[in-house]
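# Examining the three-dimensional arrangement
Single-letter residue listing:
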Amino acid sequence: MGLVQWLKGQLLCHLVICYGFFVSGLLINLLQICTLPLWPINKQLARRINCKLGYSLTSQSVALLEWWSGTEVTLYTDPENYRLYGKENAIVVLNHNFEIDFLCGWTFCDRFGVLGASKCLAKKELSYLPVIGWMWYFLEMVFIKRKWEEDKRNFVQSLQNLRDYPENFWVSHQSTSQLFLLHCEGTRFTEEKHRVSMEVAEKKSLPKLKHHLLPRTKGFWVAVQNLRGTVAAVYCCTLNFRNNETPTLLGVLNGEKYHPDLYVRRIPLESIPEDEAECSAWLHKLYQEKDKFQEDYSQTGCFPGPKVTPPCRPWALINWLGWTCLLLYPLCLLLVQLVNSGSILSILATVAFCAAVSVGVRWMIGQTEIKRSSSYGVPLNNK
Ligand SMILES: CC/C=C\C/C=C\C/C=C\C/C=C\C/C=C\C/C=C\CCC(=O)SCCNC(=O)CCNC(=O)[C@H](O)C(C)(C)COP(=O)(O)OP(=O)(O)OC[C@H]1O[C@@H](n2cnc3c(N)ncnc32)[C@H](O)[C@@H]1OP(=O)(O)O
Ligand SMILES: CCCCCCCCCCCCCCCC(=O)OC[C@@H](O)COP(=O)(O)O
C-alpha cells in the first residue's frame, strides 16, 4: 500500500474532510436562510441562488468520490441520446440496491452539468438530516411519508412547483435542465423485502424479479402526469458495480476505488400511457426488462450498447479545495492559539467540538447503510 493510500485511511484525514463538509454545510444552510426574504420578491432569483449553494455542498461529496477515492464511472447508452443528456428535463428511474447509488447519480448529474437543480422523490425522514436535509428543503425536494393518502396533496403540489423551475441559469456550469429521480422500489433491496415483494407479485400474477423489488407504481404515474409538458423523457437507468463490488460511503472516505456502470435508455414521455392502469403495467414491464439487464450483467459484466465515460469537470474539485482552504486556515490559527494559551479547558472544548463533528458525520453516513434500512415493505410494520 502506497503512502497516499495509507493517508486516505487515517482518522485525521477523515476528521479534516468531515469538518470541512459539516462547517461549510452549516454556513451554506445559513446563507440559504438569508435568501428567505427574497422568495416573495423574486422567487426565481432565490431559486437560482439556492441551486448554486446546493451545488457547493453536494459537489463536495462528488469530489470525494471522483478525486479522493478515484472512482471511475462508465455510461452505457445510445450515442444519439447521449447528446441530449443535460439539455432536457427528464424523470430518472433508478434501481435502489447500493449504499452509494445516490452519490453515483450525483456524479453523473455533475458531468452533465445538472447537479445544482436536480431533484428526487425522497422519504420524509431524509428532510431531517442535518445540513443535507436542511439544504434540500430550500431546493424544493419532494418529500413523502410513503403513505399515499397522506402524501397525495403535497406530492402533486410539489411536482407542480417544479414546472416553473428556472432554466438556463447556470452560466459557468451550463446547466439547462433538471432531472427528477424516482426509486420506484421505494426502499433499498434486502433479501427479506425481496421475498415479501415477490409474494405481492405472485398475488398480482406478475412475473418474478430477481434483482429488483416490485416497483410501486402510483408515484411514477403521478409524476409523469404532472410533469407532462415539462419533462421530455424518462431515463431508464440501471446501475451495477464491476467485480461484484459492494460499495459503501465509508469505503469512499477510506479512499477505496469503485467501478460503477450505468446503463441509460431514453424513453420519450409521449410513449408512456396516460391511463393509470396502463401506465402501471408499462412500469412493471420496464422493471422486467431492467431485471433482464441486471441478470445479463451478472453473467457478462457489461450492459448492452456502446460505452462512454462522460468527461469529468473541475468545478467540484475547485469548490472542495476552496472550502477546505477557507476553513482550515481559521482552524489552524485556533489550534496554534490554543497550544500557546495552554488552557486545558479550551483544548478540551476543541477536542469535544471535533469529536461532535466526527460523530455527527458518522451518524449521517450511517443513514446510507443498508443494514439500517427502514422496515418499509416488510409485513407487520409497513413503515
Ligand atoms: C444522464 C444522467 C443519468 C442519470 C443520473 C442518475 C440519477 C440522478 C438524478 C437525480 C439526483 C437527484 C437527487 C438525489 C439525491 C439524493 C436522494 C437519494 C435517495 C432518496 C430516495 C428515497 O428516499 S426512496 C424512498 C422514497 N421514494 C419512494 O417511495 C418512491 C417510490 N414509491 C412510490 O412511488 C409510491 O407509489 C408512493 C410512495 C408514492 C405511494 O405508495 P403506496 O404504497 O401508498 O401506493 P402504491 O399504489 O404505489 O402501492 C400500493 C400497492 O403496492 C402493493 N404492495 C404492497 N406491499 C408491497 C411490496 N412490499 N412491494 C411492492 N408492492 C407492494 C399493494 O398491494 C398495493 O397494490 P394495489 O394493487 O392494491 O394498489
Ligand atoms: C466531503 C463529504 C464527506 C461526508 C459525506 C457525508 C454525506 C452524507 C450524505 C447523506 C445523504 C443521504 C442520502 C441517502 C439516500 C438513501 O439512500 O436513502 C434511502 C432511501 O432511499 C430508502 O430508505 P430505506 O427505506 O431505509 O431503504
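Within any chain, residue numbers begin from 1 and follow the written order of that chain's sequence. In the order they appear in the text, chains get letters beginning with A and ligands get numbers beginning with 1. With the structure being a predicted model, the display of local features is reserved for residues of pLDDT at least 70 and the display and counting of side-chain atom pairs for 80 or more, all residues being used for whole-chain, interface and lining totals. As a rule here, side-chain values cover all heavy atoms of the structure and leave hydrogens and water aside.

### Details of the UniProt feature "transmembrane region" (unreviewed entry) in the protein
- UniProt positions are given in the numbering used here, feature names are shortened, and annotations may be inferred rather than shown by experiment. The positions UniProt marks with the feature "transmembrane region" (unreviewed entry) are residues 12-39, 317-338 and 344-365.
- Taken as a whole, residues 12-39 contains 82% helix and 0% strand, while its terminal C-alpha atoms sit 41 Å from one another.
- Secondary structure is summarised from DSSP: a helix means a run of H or I of at least four residues, a strand means a run of E of at least two, and numbering begins at the N terminus for each. For residues 344-365, the helix share is 100%, the strand share is 0%, and the end-to-end C-alpha distance is 31 Å.

### Comments concerning the packing of aromatic side chains
- Each aromatic pair joins two rings of Phe, Tyr and Trp (for Trp, the six-membered one) with centres within 6.5 Å, and gets the label stacked for planes under 30 degrees apart, edge-to-face for over 60, and tilted for any other angle. Within this structure, the stated rule accounts for 15 aromatic pairs.
- Plain terms: the ring middles of tyrosine 82 and phenylalanine 112 are 5.6 Å apart, the flat faces sit at 70° to each other, and that makes the pair edge-to-face. Of the two residues, tyrosine 82 is situated in helix H4 (residues 79-82) and phenylalanine 112 in the loop between helix H5 (101-111) and strand S3 (119-123); the sequence distance between them amounts to 30 residues.
- Residue tyrosine 82 is classed as partly exposed on the basis of its relative accessible area of 22%.
- Note on geometry: a ring has a charge over it if NZ (lysine) or CZ (arginine) is within 6 Å of the ring centre and within 35 degrees of the ring normal. Against the face of tryptophan 68 rests lysine 8, its NZ or CZ located 5.8 Å from the ring centre. Burial status follows relative accessibility: with a 1.4 Å probe on protein chains alone, a residue under 20% of its type maximum counts as buried, one over 50% as exposed, and anything between as partly exposed.

### A look at helix H9 (residues 218-227)
- In terms of burial, H9 is a largely internal element, seven of the ten residues being buried.
- Every buried residue belonging to H9 is among Gly219, Phe220, Val222, Ala223, Val224, Asn226 and Leu227, and all of these are buried.
- The contact criterion used is simple: two residues touch if any of their non-hydrogen atoms lie within 4.5 Å. Those residues of H9 hidden inside the fold are in contact with strand S2 (90-94), helix H7 (148-162), strand S5 (179-182), strand S6 (233-241) and helix H11 (276-300).
- Looking one or two residues beyond H9, the residue adopting positive phi is glycine 229, at roughly 90°.

### Focus: the site of ligand 1
- Taken together, 35 residues sit near ligand 1, with Lys123, Trp148, Lys204, Arg216 and Gly219 positioned nearest.
- Whenever two N or O atoms come within 3.5 Å, that pair is a polar contact, provided that in protein one can donate a hydrogen and the other can accept it, and provided that, for residues adjacent in sequence, both atoms are side-chain atoms. Between ligand 1 and the protein, one listed contact pairs an oxygen atom with a side-chain N or O atom of arginine 216 at 3.0 Å.
- In the environment of ligand 1, a nitrogen atom lies 3.4 Å from a nitrogen or oxygen atom belonging to the backbone of glycine 377.
- Alone, ligand 1 offers 1,500 Å² of accessible surface; in the complex the protein occludes 83% of this.
- Elements represented by at least two residues in the shell around ligand 1 include exactly H5, S3, S5, helix H8 (191-203) and H9.
- Considering each element in turn, the shell around ligand 1 owes the most residues, five residues, to S3.
- Note on residue classes: Ala, Val, Leu, Ile, Met, Phe, Trp, Tyr, Cys and Pro are nonpolar, Asp, Glu, Lys and Arg are charged, and everything else, Gly too, is polar. Its residues placed into classes, the shell around ligand 1 shows 21 nonpolar, eight polar and six charged. Whether a residue is near a molecule or strand depends on its heavy atoms: if one lies within 4 Å, it is near. Here, Shrake-Rupley sampling with a 1.4 Å probe gives the accessible areas, and only protein chains in the shown set may cover a residue.

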